[in-house]
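Descriptive analysis of the structure
This is what each chain is made of:
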Amino acid sequence: MVGGWYTVFRVTLGWAGRVLARCRVAGRSHIPREGPFILVANHESILDPLLVQSNCRRTVHFFTKSTQFGANALFRWFLPRVAAIPARRYRVDPQSVRTALRALAHGDGVGIYLEGERSWEGALRPFRRGSIRLILKAGVPVVPCCVSGTYNAWPRWTRSSWRAPVWVRYGEPLLFGIHDTRAERESALEPTARRLRQALLALAVEPPDRPRSTGA
Amino acid sequence: MALIDLCYRCPQCGHDPMSGEGDAAWCASCGIRIERSRGRLLLSLPGRDMPFQVNAADLCRRIDEHGGPITRATRDDGTVEYSARALISWRVSEQAVRYRGVLRGFAESMGSAIPGTITVDRERVHVDCGDRQAGSWRHLDLGAVQASSSSLQLSLPDDQLVQLRFLDDSPRRWETLMRRLIAEAYEGAGRGRVVEFQPRIVTRW
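Residues numbered from 1 in each chain as written. Chains lettered and ligands numbered in written order. Predicted model: local features only at pLDDT ≥ 70, side-chain atom pairs only at ≥ 80, totals over all residues.

1. Some thoughts on the overall build of chain B
- Counting its regular elements, chain B contains 4 helices and 15 strands.
- C-alpha atoms of chain B, sized along the principal axes, occupy 60 × 50 × 35 Å.
- Buried positions account for 37% of the 205 residues belonging to chain B.
- Restricting to contacts in chain B with at least 6 residues of sequence separation, those with at least 24 account for 40%. (Helix = DSSP H or I, 4+ residues; strand = E, 2+ residues; numbered from the N terminus. Buried ≥ 20, exposed ≤ 12 C-beta atoms within 10 Å, placed from the backbone. Contact = placed C-beta atoms within 7 Å.)

Put into structure tokens, the structure is as follows:
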């Protein structure tokens, strides 16, 4: 479903991430060698897509906000070549779900930022219910991936980046089973979201120069 | 984009708005200064030499504890009215995104941005930019609300989409303010608690 451009960008950006962003990667062995899977990640920075996708050896079709496709001519050319799926965030978008299910049927991976947007404050936000429903409908292995440190490198609210250490950690695949009916998916929604949240938090690396939230 | 998009009011004393530029923000009332330095957020208290490191999530929590955007938007008589200048653009079309002949999805094309204002009260949101699409909508009629990069997007009735890029205000403030007012409108109308604001507003009992 994707061509040679994907490999070119994956190798190039993976190298740039390791060298320029001081990116350390762990747990790549958890990514299935073959067959469909869903990769779920947290989203703290504009750098996350580059690092998560380029460090995964399999092809991953990531949901990408549709406004990016219209941002400029470069993005219009580039995004389909890195297997981005345009998702309209201001309405339910069945076509993006169809494209994701088609990629899974083809044996590829599908990537989802469960929060649906970049976090303003660098903390994990509530997950989008539609994303959880897709996971439950697809019934394929779900690989959690936590990116840490990119908030220090380039948070949402600034134009300037800083070369901070970054970690990308992939976790063991989670299995939730196929939930064919809407009722089954609705009843499994909350426990699935909780389990995914725990899996992502367990993978998080607290950057040494970033204070822990007091939670107070 | 700037630090005052995140810290739109003072996390220390609650003064609203914070002053700032780029990666620095300071409070004209209590004198604290927050600055991003080498990727870290440092907070300086007036009269103390040594800044200390803070967590962005804690700053946001303190801002919420002070009332978030609601305090500044509330008048002395208890009514809510708040407005800001923005560059306003409307979705003009949606284009199919294909790769190697296969449909991957759709992406919207936004029209040219027009300077205008957005105003909210407890009942409605008003968008005024001199365009024929400008108008006023009840919070209960909005389809979705989300911040997209430094813009706010509102899904309006009749499948309209408006995008607002604020000229001198924080998109995070507006996202929080709109979501609070919409949640209050739904609860006030007995339509349940809002649990999701995008891709559509979803309520639960």
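Further notes follow.
2. Section: the environment of phenylalanine 63 of chain A
- Within the secondary structure layout, phenylalanine 63 of chain A lies in strand S3 (residues 60–65).
- Along the primary structure phenylalanine 63 of chain A and glutamine 53 of chain A are separated by 10 residues, whereas in three dimensions their C-alpha atoms are 12 Å apart.

3. A few points about the interface of chain B and chain A
- The interface of chain B with chain A comprises 38 residues on the first partner and 40 residues on the second.
- Elements represented by at least two residues in the side of chain B that touches chain A include exactly helix H1 (3–6), strand S5 (52–54), helix H2 (56–65), strand S6 (81–99), strand S7 (102–110), strand S11 (144–148) and strand S12 (151–156) of chain B.
- The element that contributes the greatest number of residues to the side of chain B that touches chain A is S7 of chain B, accounting for 7 residues.

4. A few points about the sheet that holds strand S6 (residues 142–148) of chain A
All names here are of chain A.
- The 7 strands are arranged S1-S7-S6-S2-S5-S3-S4 in an open sheet whose pairing can be described as mixed. For this open sheet the edge positions go to strand S1 (23–26) and strand S4 (85–87), each flanked by a neighbour on one side alone. Looking at each pair of strands side by side, their axes are set apart by 25° on average, direction ignored. (Pairing = 2+ DSSP bridges. Axes fitted to C-alpha atoms, helices over the stretch in contact; angles between N-to-C directions.)

5. Points about the sheet that holds strand S1 (residues 19–21) of chain B
All names here are of chain B.
- Strand order in the open sheet formed by 5 strands is S1-S2-S3-S4-S5, with antiparallel pairing between adjacent strands. The open sheet has two free edges, formed respectively by S1 and S5, since each of these has just one partner strand. Strand-to-strand, the axes of this sheet are offset by a mean angle of 25°, without reference to chain direction.
- Bridge count between S1 and strand S2 (residues 24–26): 3 bridges; the pairing is antiparallel. Looking across to S2, one finds that glycine 20 is bridged to alanine 25.

6. Description of unusual backbone geometry
Residue and element names in this part refer to chain B.
- That bond from aspartate 16 to proline 17 is cis: its omega, 10°, falls within 30 degrees of zero.
- Its place among the elements puts proline 17 in the loop between H1 and S1.
- Here the amide bond leading from glutamine 198 into proline 199 is cis, since omega sits at 0°, within 30 degrees of zero.
- Its place among the elements puts proline 199 in the loop between strand S14 (193–196) and strand S15 (202–204).
- Even without being a glycine, arginine 38 presents a positive backbone phi close to 50°.

7. Let's talk about the domain arrangement of chain B
Residue and element names in this part refer to chain B.
- Segmenting chain B into domains produces domain 1 (3–68) and domain 2 (81–204).
- For domain 1 versus domain 2, the separation of C-alpha centres amounts to 28 Å.
- Facing the 5 residues of domain 1 at the interface are 6 residues of domain 2.
- The residue makeup of the side of domain 1 that touches domain 2, split by class, is 3 nonpolar, 1 polar and 1 charged. (Domains from an automatic or database assignment. Nonpolar A, V, L, I, M, F, W, Y, C, P; charged D, E, K, R; others polar.)

8. A short note on the confidence of the model for chain B
- With 100% of its residues at a pLDDT of 70 or more, chain B shows a mean pLDDT of 94.
- Listed scores for the predicted complex are pTM 0.92 and ipTM 0.90. (pLDDT = per-residue confidence, 0-100.)

9. Side note on the pairing of S11 of chain B
Residues and elements named next belong to chain B.
- S11 sits mainly inside the fold: 5 of its 5 residues count as buried.
- Going residue by residue along S11, you find Ala144, Gln146 and Ser148 tucked away on one face and Val145 and Ala147 tucked away on the opposite face as well.
- Here S11 runs beside S12; their pairing, made up of 5 bridges, is antiparallel. Counterpart to serine 148 in the pairing with S12 is serine 151.
- A loop of 2 residues connects S11 with S12, the two strands running antiparallel in sequence, and serine 149 in this loop sits at a positive phi of about 55°.

10. Concerning the packing of helix H5 (residues 129–138) of chain A against helix H7 (residues 182–203) of chain A
Residue and element names in this part refer to chain A.
- At their nearest, the axes of H5 and H7 sit 9 Å apart, and the two run at 110° to each other. In terms of axis orientation, H5 runs roughly perpendicular to H7. On the side of H5, the interface is formed by Arg129, Ile132, Arg133, Ile135, Leu136 and Lys137, while H7 contributes Arg185, Ala188, Leu189, Thr192 and Ala193.
- When its residues are assigned to classes, the contact of H5 with H7 shows 6 nonpolar, 1 polar and 4 charged. (Parallel < 35°, antiparallel > 145°, perpendicular 65-115°, else oblique.)

11. Focus: helix H4 (residues 171–188) of chain B
Residues and elements named next belong to chain B.
- In this model H4 runs 25 Å from its N-terminal to its C-terminal C-alpha over 18 residues, within 8% of the 26 Å that 1.5 Å per residue would give.
- Of all the positions in H4, only Pro171, Arg172, Arg173, Trp174, Glu175, Thr176, Leu177, Met178, Leu181 and Ile182 are classed as buried.
- Note on H4: the residue one or two positions beyond its end, glycine 190, has a positive phi of about 70°. (Expected span 1.5 Å × (residues − 1).)

12. Points about the environment of leucine 174 of chain A
Residues and elements named next belong to chain A.
- Note that leucine 174 resides in the loop between strand S7 (166–170) and H7.
- What makes leucine 174 partly exposed here is the crowd of 17 C-beta atoms within 10 Å.
- With 58 residues separating them in the primary sequence, leucine 174 and glycine 116 have C-alpha atoms 20 Å apart.
- If near-sequence neighbours (up to four positions away) are discounted, leucine 174 is found in contact with Val142, Pro144, Arg195 and Ala199.

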